[in-house]
Amino acid sequence: MRLTTATLALAAALLLSFTSATHIIPDSKGKLPLQDGYDYIIVGAGIGGLVVANRLTEDPSVSILVIEAGDLDDRAEDVSIPGNIGFEDPRRYEVKVNMAEQEFLDGKPRIFSQGKAVGGSTIVNGLVWTRGSVADFDAWERLGNPGWAWSDILPYFEKSERYSPPVRNGSGAQTLLHPIAGNHGDRGPVEVGYPEYYYNQSYNFLDGIRELGIPVNKDPNGGSATGASIIPSSMSAKNQSRADARIAYLDPALERPNLHLITGYTVTRVLYGNGGTALLNSSHVPGGPGLEITGVEFAANSTAQKISISCRREVILAAGAIMSPVLLQVSGIGPAELLGNLGIDVAIDLPGVGSNFQDHPTLQPVYEYTAPDIFTAWDIVGSTRDAVREEYLANRTGPWTAPMVNAAAFVALSWVTDRVEDILDEAANTTANLPPSYDSTLRAGYEAQRAELISILARTDTPAYEVMSTSWGQLAVSGMQPFSRGTVSARAASVFGDAAPPAVVVDPRFCSHAVDCRLLLSGLRFNDRLIQTPPMAALAPAPPPGFGVADARNETALDEAMRAKITSGFHPSGTTSMLPLEHGGVVDPSLRVYGTRNLRVVDAGVIPLIPGAHIQAAVYAVAEKVRNLLFYDSSLSTILTKARKQAADIIKAESLGALSGAKLRSKKSHNSKRSLKSRRIPRLRPVDTAHKG
């Protein structure tokens, strides 16, 4: 293989970047040169882990260790180039997860995969950058999470992103966009932008959508998500390449000596001491009662020697909505019945760990465009591929700058049916749709969520489903407000995938609530109408078997064909939910695990109700916000420690003074009271750094 000058330069830069102390690798004896302990240990180097690591290491007085099971990606073309998404398969940075047979679909399992690399799934995702609607996040607060409404989290959406509007290259995309002033960040770490190139089919799609009465939304991230849009992507406007969590948050911190990263190691257990009674409350005071987390145990594989490392302040789980709950479970924090069946000692009986699983059920039918002279991404083969590649590498222009999806429609329920009340009634009255493992707290939590979902579906600024368009005719339909709930369960006392039985099984229970499939059927019928509009008919779309115009008239047959094709939207969330304990919650509004002093979760698992959007932007914002919570708790803990020491010194002084006589004792008592009054602990408020670069 010939290596170009650019390739050699890139390889040299990668090697140079990680010769610093940041990336810890085994020495000649195979030992990791780690410190005796760290202030913070972060499990997982995905979005949550890297955001928190970056923000914490801004303080040079604290030390941070990040442990990641995957490796550093090689920045190859199948990873970094937007136009390769959906065609190249960077499976070396993915891990397959066992999914249970889907009894409410066709009784068969599905393939579920997620990123396993520094950067997590941002290394392999489709780049789509959407936030959701105001109502999505206001529901978070109404579910028992003060400080998590849209107005509270918007500053952190802005803080995370560096937004660039589309270039004026004559494509016409800029006429379809008008970002709302003040709603986008321009100094954040994650570059958010648009491609230099758009396939003509994107405009056919948008014109067809408008023919059906769906309006254009010129800023889908402005708080009202519904409508048809050119969708922004997590990509560099200048380099026209993937902008992932590694580039955004790790690379700027590489030279910080207080950050250590180890790769290729899996955390096997969270370690803890007694630390007092494990009180399950949501108003924990640092240093108060609760299970004290002392560190973590990790290993390279299931047969390798286990290594333990201690933390002085906190352990932060950021292993994702699948592995974070599993890690809690094998550590003894989770549903007592599940842990007992696995032979795991129960440290905290927390029924919500691994429950409230949510995902966007998705269909991916391809209506192949057969009209002559249509250029699609499927045509980029042979000499055409060589020319497209050369243009991209030389100028950062052309088809390789276009991600798989850059046009989509988020459709409100009332826009596509006059049976809204019937659907909402069915949603409200369906019972017995939850997993049998759910206890009374989880069922109470679901009732609260269902009420919010019904309210959200009745609105016109929140979508019932999304339709995503690709250049070659895929019109993917994804349910945005799922009523179904599933589980993530450890199946062994080991987290390793080569264990027997499998370490983890995911059961989304797609369409266990009938309304979810009813809404997806509505999406397929919408596609049927869409491909018959003049703008789309000009492309001569050929529906896949079972999804044709005639098939759409036979609802029973269409339903059967649909259920065989439903799969994951790859947005797993909710398994360590931020909810009140009495509603099946796992973490409180500071993302601390109930019953612990110093264990938090910072990943998609904390999402209590999945937004009607792709979720990467929300996870970045959550992680940015939790940094302030960590700062607040650290400051409060320091003040409380000093106050306790001062009080102890005063008491000691009073005891010594008692030996000097009643008069002196009386005088010292008076002075001590005055001293105590002057040492009142000030009321702390989290410092808001959201508007700082």
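Residues numbered from 1 in each chain as written. Predicted model: local features only at pLDDT ≥ 70, side-chain atom pairs only at ≥ 80, totals over all residues. Heavy atoms only, no water.

Glancing now at the overall build of the protein. A count of helices and strands for the protein gives 17 helices and 22 strands. Classification of the 693 residues of the protein by burial places 57% in the buried group. Of the contacts formed within the protein by residues at least 6 apart in sequence, a portion of 76% connects residues at least 24 apart. As displayed, the protein offers around 27,800 Å² of accessible surface, 52% of which is attributable to carbon and sulfur atoms. (Helix = DSSP H or I, 4+ residues; strand = E, 2+ residues; numbered from the N terminus. Buried < 20%, exposed > 50% of the residue type's maximum accessible area, 1.4 Å probe, protein only. Contact = heavy atoms within 4.5 Å. Areas by Shrake-Rupley, 256 points an atom, 1.4 Å probe, with all protein chains shown as cover.)

Attention now moves to the nonpolar core. By size, the foremost hydrophobic cluster in this structure holds 166 residues, and its most contacted members are Phe205 and Phe298. If you tally residues by element for this core, the top one is helix 16 (residues 616-657), at 10 residues. Here phenylalanine 205 is in contact with Ala407, Ala408, Ala409, Val467, Ser469, Leu475, Leu530 and Met536, once residues within four sequence places are set aside. In terms of nonpolar packing, the next biggest core, distinct from the first, is built from nine residues, Ile81, Ala377, Ile380 and Ala402 among them. (Core = buried A, V, L, I, M, F, W, Y, C linked by side-chain atoms within 4.5 Å.)

Turning our eyes to something else, we now look at unusual backbone geometry. For arginine 509, which is not a glycine, the phi torsion comes out positive at approximately 55°. Mapped onto the fold, arginine 509 is located in the loop between strand 20 (504-507) and helix 13 (514-530). Notably, leucine 591 is not glycine yet its phi reads approximately 70°, a positive angle. Secondary-structure assignment places leucine 591 in the loop between helix 15 (555-563) and strand 22 (599-601).

Turning our eyes to something else, we now look at the side chain of serine 236. Along the chain, serine 236 falls in the loop between strand 7 (227-230) and helix 7 (245-250). A distance of 3.3 Å separates a polar side-chain atom of serine 236 from the backbone nitrogen of lysine 238. Excluding residues within four positions of it along the chain, serine 236 makes contact with Glu191, Ser241 and Ala243. (Polar contact = N/O pair within 3.5 Å; in protein donor to acceptor, adjacent residues only side chain to side chain.)

The five strands lie next to each other as 7-16-17-18-14, forming an open sheet whose pairing is antiparallel. Each of the sheet's edge strands pairs with one partner strand only, and the pair in question is strand 7 and strand 14 (362-363). Packing against the sheet, helix 6 (residues 200-211) makes contact with strand 7, strand 16 (407-411), strand 17 (465-469) and strand 18 (475-479), and its axis sits at approximately 20° to strand 16. Across the sheet, helix 13 is in contact with strand 14, strand 16, strand 17 and strand 18; its angle to strand 18 comes to roughly 155°. (Pairing = 2+ DSSP bridges. Axes fitted to C-alpha atoms, helices over the stretch in contact; angles between N-to-C directions.)

Time to look at the packing of aromatic side chains. The geometry of an aromatic ring pair is captured by the separation of the ring centres together with the interplanar angle, meaning the angle of the planes. Per the counting criterion, the structure on display carries 17 aromatic pairs. Between phenylalanine 137 and phenylalanine 157 the ring centres are 5.5 Å apart and the planes differ by 80°, which places this aromatic pair in the edge-to-face class. Residue phenylalanine 137 is found in helix 4 (residues 134-142), and its partner phenylalanine 157 is found in helix 5 (residues 150-160); the two are separated by 20 residues along the sequence. Residues phenylalanine 137 and phenylalanine 157 agree in their burial class; the two are buried. Judged by centre distance (5.9 Å) and plane angle (40°), the rings of tryptophan 150 and phenylalanine 157 are tilted. (Phe/Tyr/Trp six-rings, centres within 6.5 Å; stacked < 30°, edge-to-face > 60°.)

Attention now moves to the packing of helix 13 against helix 15. With their axes 10 Å apart at the nearest point, helix 13 and helix 15 run at an angle of 105° to one another. With respect to each other, helix 13 and helix 15 are oriented roughly perpendicular. Of helix 15, the residues touching helix 13 (which contributes Cys517, Leu520, Leu521, Leu524 and Arg525) are Glu555, Leu558, Asp559, Met562 and Arg563. For the contact of helix 13 with helix 15, the class distribution of residues is six nonpolar, no polar and four charged. (Parallel < 35°, antiparallel > 145°, perpendicular 65-115°, else oblique. Nonpolar A, V, L, I, M, F, W, Y, C, P; charged D, E, K, R; others polar.)

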